[in-house]
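This is what each chain is made of:
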Amino acid sequence: MKTPTLLMVGEEDYRTPAWEAEQYYTALKMLEVDTALIRVPGAPHYIASRPSRLIGKTDNIMGWFAKYDPAKQKSTAIPFESTDQ
């Protein structure tokens, strides 16, 4: 796996416990995948159960996608050169 990965987990999530996200995060770091782990204190499985958590969740996701926005990346493509004369 090489895709940059954002992990977000509620600390009160009993369906997918925080330790599982921590293990996945550690494995990705060992593989040198750019990754981040966000633990939301007091949040259940549905992290956006409060307006403040919804805003925080959205801000983190938007920030992560902005970091990897292909439009902001330098173009590494080789420009097309015509061989017609």
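Described below are features of the structure shown in this document. Since we're looking at a predicted model, the values are computed, not measured.

Our focus in this paragraph is the packing of aromatic side chains. Following the criterion strictly, the structure yields one aromatic pair and no others. With 5.1 Å between their ring centres and 55° between their planes, Trp64 and Tyr68 make a pair best called tilted. By relative accessible area, Trp64 is classed as buried at 12%.

The next point concerns the pattern of salt bridges. Scanning the entire structure with this criterion turns up three salt bridges. We note a salt bridge from Glu11 to Arg39, for which the minimum N-O separation is 3.1 Å. Of this pair, Glu11 sits in the loop between β1 (5-10) and α1 (18-30) while Arg39 sits in strand β2 (residues 35-40), and the two are 28 residues apart along the sequence. For Glu11, a relative accessible area of 34% puts it in the partly exposed group. When its relative accessible area of 35% is taken as the criterion, Arg39 is described as partly exposed. The shortest N-O distance in the salt bridge between Glu22 and Arg39 comes to 1.8 Å. Taken together, the residues Glu22 in helix α1 and Arg39 in strand β2 connect sequence positions 17 residues apart. Since its relative accessible area comes to 29%, Glu22 is described here as partly exposed. Residues joined by salt bridges that share partners form a network here, namely Glu11, Glu22 and Arg39.

Procedures and definitions
Residues numbered from 1 in each chain as written. Predicted model: local features only at pLDDT ≥ 70, side-chain atom pairs only at ≥ 80, totals over all residues. Heavy atoms only, no water. Phe/Tyr/Trp six-rings, centres within 6.5 Å; stacked < 30°, edge-to-face > 60°. Buried < 20%, exposed > 50% of the residue type's maximum accessible area, 1.4 Å probe, protein only. Salt bridge = Lys/Arg side-chain N within 4 Å of Asp/Glu carboxyl O. Helix = DSSP H or I, 4+ residues; strand = E, 2+ residues; numbered from the N terminus.

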